[in-house]
Amino acid sequence: MPGSGHAHRRDAFLRACRLDVQVRKPGNVSIASPGHGMDAALFLASAEASVGPLCAAGAPVGRRIEAAMRATLAVARCNTNLGILLLCAPLALAHERAGVACDRDTLRASLRQVLSGLDLDDAAAAFRAIAVANPGGLGSAPEQDVSRTPSVTLLDAMALAAHRDRIAWQYVQAHDDIFSLALPAFDAGRAGRGPDDTGPAMQRAYLEILASIPDSHIVRKHGEALAQCVMREARPWCDSACAGVDLDANPAFAAWDESLKLRRINPGTSADLCVATAFTTFLCDASHAARGLP
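Given the structure is predicted, the values throughout are model-derived calculations rather than measurements.

## Quick notes on the overall build of the protein chain
Reasoning step 1: Helix and strand content of the protein chain: 14 helices and 0 strands.
Reasoning step 2: The C-alpha radius of gyration computed for the protein chain amounts to 18 Å, which stays within 12% of the reference 19 Å derived for 294 residues, consistent with globular compactness.
Reasoning step 3: When each of the 294 residues of the protein chain is scored for burial, the buried share is 53%.
Reasoning step 4: When contacts within the protein chain are restricted to residue pairs at least 6 apart in sequence, those whose partners lie at least 24 apart make up 70%.
Reasoning step 5: Surface exposure of the protein chain reaches about 12,000 Å², of which carbon and sulfur atoms provide 53%.
Reasoning step 6: Computing the positive centroid from 29 side-chain charges and the negative centroid from 31, the protein chain places the two 2 Å apart.

## With respect to the confidence of the model for the protein chain
The predicted structure's coordinates, where accompanied by low pLDDT, should not be read in detail.
Reasoning step 1: The predicted model of the protein chain averages 93 in pLDDT, with 91% of residues at 70 or higher.
Reasoning step 2: Every residue in residues 288-294 scores below 50 in pLDDT, and together they form 3 contacts with partners more than four places removed in sequence or on other chains.

## What to know about the environment of phenylalanine 13
Reasoning step 1: Along the chain, phenylalanine 13 falls in helix H1 (residues 4-22).
Reasoning step 2: On the accessibility criterion, phenylalanine 13 (0% relative accessible area) is buried.
Reasoning step 3: Counting along the chain gives 42 residues from phenylalanine 13 to cysteine 55, while the straight-line C-alpha distance between them is 8.8 Å.
Reasoning step 4: Apart from the residues lying within four places of it in its own chain, the contact partners of phenylalanine 13 are Ala47, Ser50, Val51, Leu54, Ile84, Leu85, Cys88 and Phe279.

## Observations concerning unusual backbone geometry
Most peptide bonds take the trans form, and the phi angle of most residues other than glycine is negative.
Reasoning step 1: A positive phi angle is found at arginine 77, which is not glycine, with a value near 65°.
Reasoning step 2: Accessibility expressed as a relative area gives 70% for arginine 77, which makes it exposed.
Reasoning step 3: Despite not being glycine, histidine 175 shows a phi value in the positive range, around 60°.
Reasoning step 4: On the secondary structure map, histidine 175 appears in the loop between helix H8 (166-172) and helix H9 (176-190).
Reasoning step 5: You can call histidine 175 buried: its relative accessible area is 0%.

## Thoughts on the packing of aromatic side chains
Reasoning step 1: The tally for this structure, following the rule as stated, stands at 5 aromatic pairs.
Reasoning step 2: Consider the rings of tryptophan 237 and tryptophan 256, whose centres lie 6.3 Å apart with planes at 15°: the pair is stacked. Of this pair, tryptophan 237 sits in helix H12 (residues 224-242) while tryptophan 256 sits in helix H13 (residues 251-262), and the two are 19 residues apart along the sequence. Across the pair, tryptophan 256 and tryptophan 237 agree in class, each one buried.

## Some words on the environment of valine 114
Reasoning step 1: Structurally, the position occupied by valine 114 is in helix H5 (residues 104-116).
Reasoning step 2: Spatially, the C-alpha atom of valine 114 lies 9.6 Å from that of alanine 174, the residues being 60 residues apart in sequence.
Reasoning step 3: Once residues within four sequence positions are removed from consideration, valine 114 is found in contact with Val61, Pro90, Leu93, Ala94 and Arg97.

## Remarks on the state of the cysteines
In protein structure, a disulfide is the covalent linkage between the sulfur atoms of two cysteines.
Reasoning step 1: Enumeration according to the criterion identifies 0 disulfides in this entry.
Reasoning step 2: The closest cysteine sulfur to the non-disulfide-bonded cysteine 229 is located on cysteine 238, 16 Å from its own sulfur.
Reasoning step 3: A residue is classified by how much of its surface remains accessible, and cysteine 229, at 24% relative accessible area, is partly exposed.
Reasoning step 4: No disulfide involves cysteine 274; its sulfur sits 11 Å from the nearest other cysteine sulfur, which is in cysteine 238.

Conventions we followed
Residues numbered from 1 in each chain as written. Predicted model: local features only at pLDDT ≥ 70, side-chain atom pairs only at ≥ 80, totals over all residues. Heavy atoms only, no water. Helix = DSSP H or I, 4+ residues; strand = E, 2+ residues; numbered from the N terminus. Rg over C-alpha atoms; globule rule 2.2 N^0.38 Å. Buried < 20%, exposed > 50% of the residue type's maximum accessible area, 1.4 Å probe, protein only. Contact = heavy atoms within 4.5 Å. Areas by Shrake-Rupley, 256 points an atom, 1.4 Å probe, with all protein chains shown as cover. Lys, Arg positive; Asp, Glu negative; His and termini not counted. Charge placed at Lys NZ, Arg CZ, Asp CG, Glu CD. pLDDT = per-residue confidence, 0-100. Phe/Tyr/Trp six-rings, centres within 6.5 Å; stacked < 30°, edge-to-face > 60°. Disulfide = S-S within 2.5 Å.

Below you can see the structure in the form of structure tokens.
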């Protein structure tokens, strides 16, 4: 019978997904700005549909991804969250094994064990999820194409794709972009604020990722050169966020958001990494509370 840890994981995931659309992250869908044929309500409905399978007690990673993706498609009729599910499914299982009051170091150690234990069944289920989601710009691969039955574990399959997909890279590196880059930015944006005032933290983490790493969704759709261009556009905004500037008070920030959408540029990988960052933060909030920390 699922207990308090199960409820905590569900709440952490839903909270992270709500935060994803509550704040303006240029190029991405938000309450303030729909785009790419989607709106915030679609993402919120996807989160509600997918949270049960994603947090299913005792379920292996691949099964969580596939069931959550199919539940999403049943309500959204399009791919709103494949990258989020790929990143968050191993985190959910790692937290389940580590315990509700685990800190980040313990969670990551558990995550490494989860990733190293991924098997052929995980790969088959994840491949089916990716195939039905049909993410933009996926194309085909010379080895372990998702349209065919895999012959290697999910971790090995991700290693083959890591050079061209930053979400696959996370599997090989135990979510290093989240733990080493995005979480410190999220923490800095949250410092001195109330526990529910996480909007600036989400924006700061997003801009840190977008300014530091070529977004692999942009690369797949538009090429490396445009991804580098978006990184350069993001850097001044990232610097402003680091200086504590209220970005939403500047009309140019919203204008950049709309400019990206008009150019059909969607930094989807960066957004997915942000949701996983918020999920990780909220998963470990129970540990902070136990130690009397904000």
